[in-house]
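Remarks on the overall topology
Chain by chain, the residues:
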Amino acid sequence: MAPDRGSTSLDDERAGNHEDPEDETLSRSRSGNRRYLAQQAQQPQNFTLRGVLVGLAIGVVICFSNMYFGLQTGWVSGMAMPSALIGFAYFKVVARTLKLPFTPVENVLVQSVAGSVGTMPLGCGFVGVIPALNYLLTEEENGPLDISLWKLIIWSVGICFFGVVFAVPLRKEMIIREKLKFPSGTATALLIKVLHGDEKSNAKASREQENVDSDGEEESRGLLQGADAQREDHDLRPSLDEAQEQEDELGSDGDWKAKIRLLLISFAGSALYTVVSYFIPQLHDIPILGLPLATKWLWTLNPSPAYVGQGIIMGPATTLHMLLGAIIGWGVLSPLAKHKGWAPGPVSDWTNGSKGWIVWISLAIMLADSLVSLGWLLLRPLVSIAQLYYPTIKDTFQSHTWRELLTLNITRKQRYTQLNNGSTESPLTAIKRHLASDQEPDAPPEHLISNRTTIIGLIASLILCVVAVHISFPSLIPLRLTLLALVLALFLSIMGVRALGETDLNPVSGISKLTQLVFALVTPRSNKNAVIINLVAGAISESAALQAGDLLQDLKCGHLLGAAPSAQFYGQIIGSAVGAVLSALVYKLYTNVYTIPGGLFEVPTGYVWVFTARLVTGTGLPPMVKEWASGAAVIFAASTAVRVYATSRKQRGIGGKWIDFVPGGIAVAVGMYNTPSFTLARTIGGLVSLWWRRWKGRSETPIIVLASGLILGEGLFSIMNLLLASLGVPHL
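Counting of residues starts from 1 at the beginning of each chain's written sequence and follows it residue by residue. Given that the model is predicted, a residue must reach a pLDDT of at least 70 before its local features are reported, and side-chain atom pairs must reach 80 or more before they are shown or counted; all residues, however, enter totals for whole chains, interfaces and linings. Side-chain metrics rest on all non-hydrogen atoms present in the structure, leaving aside hydrogens and water.

Right, let's talk about the nonpolar core for a bit. Among the nonpolar cores identified, the biggest contains 162 residues, and Leu133 and Ile540 are the most heavily contacted of them. The element best represented in this core is helix H25 (residues 530-561), accounting for 15 residues. Setting aside its immediate chain neighbours within four residues, Ile540 contacts Trp155, Phe162, Cys465, Val469, Ala485, Leu486 and Ala489. Residues Ala84, Ala189, Cys557 and Leu560 belong to the second largest nonpolar core, which totals nine residues. To define a nonpolar core, start from buried Ala, Val, Leu, Ile, Met, Phe, Trp, Tyr and Cys residues and group those joined through side-chain atoms within 4.5 Å. Burial status follows relative accessibility: with a 1.4 Å probe on protein chains alone, a residue under 20% of its type maximum counts as buried, one over 50% as exposed, and anything between as partly exposed. Secondary structure elements follow DSSP: runs of H or I no shorter than four residues count as helices, runs of E no shorter than two count as strands, and numbering proceeds from the N terminus. Whether two residues are in contact is decided by their heavy atoms: any pair within 4.5 Å suffices.

Here's what the structure looks like:
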């Protein structure tokens, strides 16, 4: 925060006449930070062909992995930290052949490109909306749709850019002005700093420590600094005041070789399991609770290392909430629906069985959670404004009679704050300077994305999206509804990105469900294409929120390390384009080789999408779903409201530690619509994380590296299983 200047003139400030010597220190450190950002942004390594190619290579692996897991359970991860670690390891191996050294800003480029490629299976709808359109629509809903490969490519390329471009104007507000934390981006920046810091010799580190207080050190010092530097320049990263502890934890985990060794060991173990599980498919469903529960009620365990790794990353609170959802859905509601005759078919039947019946309940929970969470994001600014003006309103009411208030005969005491005080600056310039005084230093203008580029890019990407939608789904969606979907997508993306910056959770699922709810209100039920319109609109919103959130996480990471925002932006554009085309190809590959939905690829997220469209349009509801879904929605709306209250208190440091004991609606719903085999494996991972972090008291970094190896190993070697299946290699 900038110090309170009171009535001190701007001329006096420029002349350096401060009463508090701390102001001079803050001003000097800000100047040093700007020089540092300029030096970092000018490095040629900010945007290199080799960095882009390595990022694309890592992104291809993540893309295959996310498509594999997404079609199974809907889970997708950007893998920012593993991407930075793998990129660092590769360039470390080939360091002797490099003309320019591999620096932190180039590592930022690598992980930005890799993440943009890897998340496209979700961003383009290939793990949910597209399977729903391809396989799950009925004839009454004008489906299922046979979408050719070239139309899928047009669709994915059309929707993969406007979220990225829209994130650009949000950067200034959320990263520079509001200084939101974006925890994953901050953690990735810390990891990159520690990795590249490991390259320094002890002697060099000692010399730097001796010179840490010199004036020239400010020009070369990173924004992520040691404890001594932070004590001197405490204004640097208000979002990182407590980040030094995290950095110390990362640094205490050993050198980069130990991290890479752990990653390779976990990768190899997971890859071996993946290949073995192809020949012994029974490994996917182990009846740990007995054959009757396994065969009739689907209570099995899939001991996949990747799902254990996912549980480690999710953490104990989320996985235990998912386990609660599995117990409620598969242990209580499923037998009840079967016994009462509400779901008379086999339990595994999505249409007439309890598997499909409990999905409706989970949808109601997700909708309730989304409405409360996103509603609070809308309401909170109004609450803040009310708190700000309450003293003035109270004073006005107390100092005036009712007659004066009703006749608007209100006078108020004038309180002036002198912004100019005789300086040669215009008042408007003085106000701008006053407002900018609390901002973080930013990269030089030549390394930012210009307003012209942003405006042209946003208009072009929106037009491209409209054209792509109408080529991929000709005569199915009116132009006005496509435009409405884009407007909603941009508006809801702001809410999603803000939630991501504060909590590290991007509510893309809730955003898409909210869009589906809005489109259910504006699309006539008599329209035969109502469900298709609903699905496509939700997909557009989800894509925008996901891409904008991913880029802002990367931009936060880059800002902390001094990377040029323009280089990250163009890297993300390249990665998104490659990821969009690759995702369409990989999706077609999987659907041609495997039976979808069926077997290992049940595409539960696809059912969630199409069931949501039917729920909000009021069609196709099974018996007693309306009553049970309404009750579940009320209960979890209250639960989410309690969690919102606890989160608000926790962020202000006045309590709320009990929040983990209040079930989260989304986590419970995911546990309900996924079969128990996946949830049990994730719960094991969550308990491993609990044991490591709480009971052992160890740093989180090694176990995150372990989890990343488990996920990437199975994800990459799923390509081997795909090849074996396409060749018709028999199982044992």
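Now, onward.
In what follows, salt bridge is the name for a side-chain nitrogen of Lys or Arg lying within 4 Å of a carboxyl oxygen of Asp or Glu. Applying the stated criterion across every chain yields a total of three salt bridges. Measuring nitrogen to oxygen at the nearest pair gives 2.6 Å for the salt bridge that ties Arg50 to Glu106. Of this pair, Arg50 sits in helix H3 (residues 49-73) while Glu106 sits in helix H5 (residues 104-118), and the two are 56 residues apart along the sequence. Taking relative accessible area as the criterion, Arg50 reaches 21% and is therefore assigned partly exposed. Residue classification places Glu106 among the buried residues on the basis of a relative accessible area of 0%. Here Lys355 and Glu602 are joined by a salt bridge, their closest N and O atoms 3.7 Å apart. Remark: Glu602 occurs in the loop between helix H26 (565-593) and helix H27 (604-617) and Lys355 occurs in helix H19 (residues 354-398); sequence separation between them is 247 residues.

As a further point, take the packing of aromatic side chains. Whether two aromatic rings pair depends on their centres lying within 6.5 Å, for rings of Phe, Tyr and Trp, where Trp uses its six-membered ring; planes under 30 degrees apart make the pair stacked, over 60 edge-to-face, and the rest tilted. Inspection of every chain in the model, using the stated rule, returns 20 aromatic pairs. The interplanar angle of 55° and the centroid separation of 4.8 Å between the aromatic rings of Tyr594 and Phe601 together place this pair among those described as tilted. In textbook terms, an aromatic cluster arises when at least three aromatic residues are bridged by ring pairs, as seen for Tyr68, Phe69, Tyr307, Tyr590, Tyr594, Phe601 and Phe678.

This brings us to the side chain of Lys513. Looking at the secondary structure, you find Lys513 in helix H24 (residues 508-522). Here Lys513 is in contact with Met366, Leu367, Val608, Trp609 and Thr612, once residues within four sequence places are set aside.

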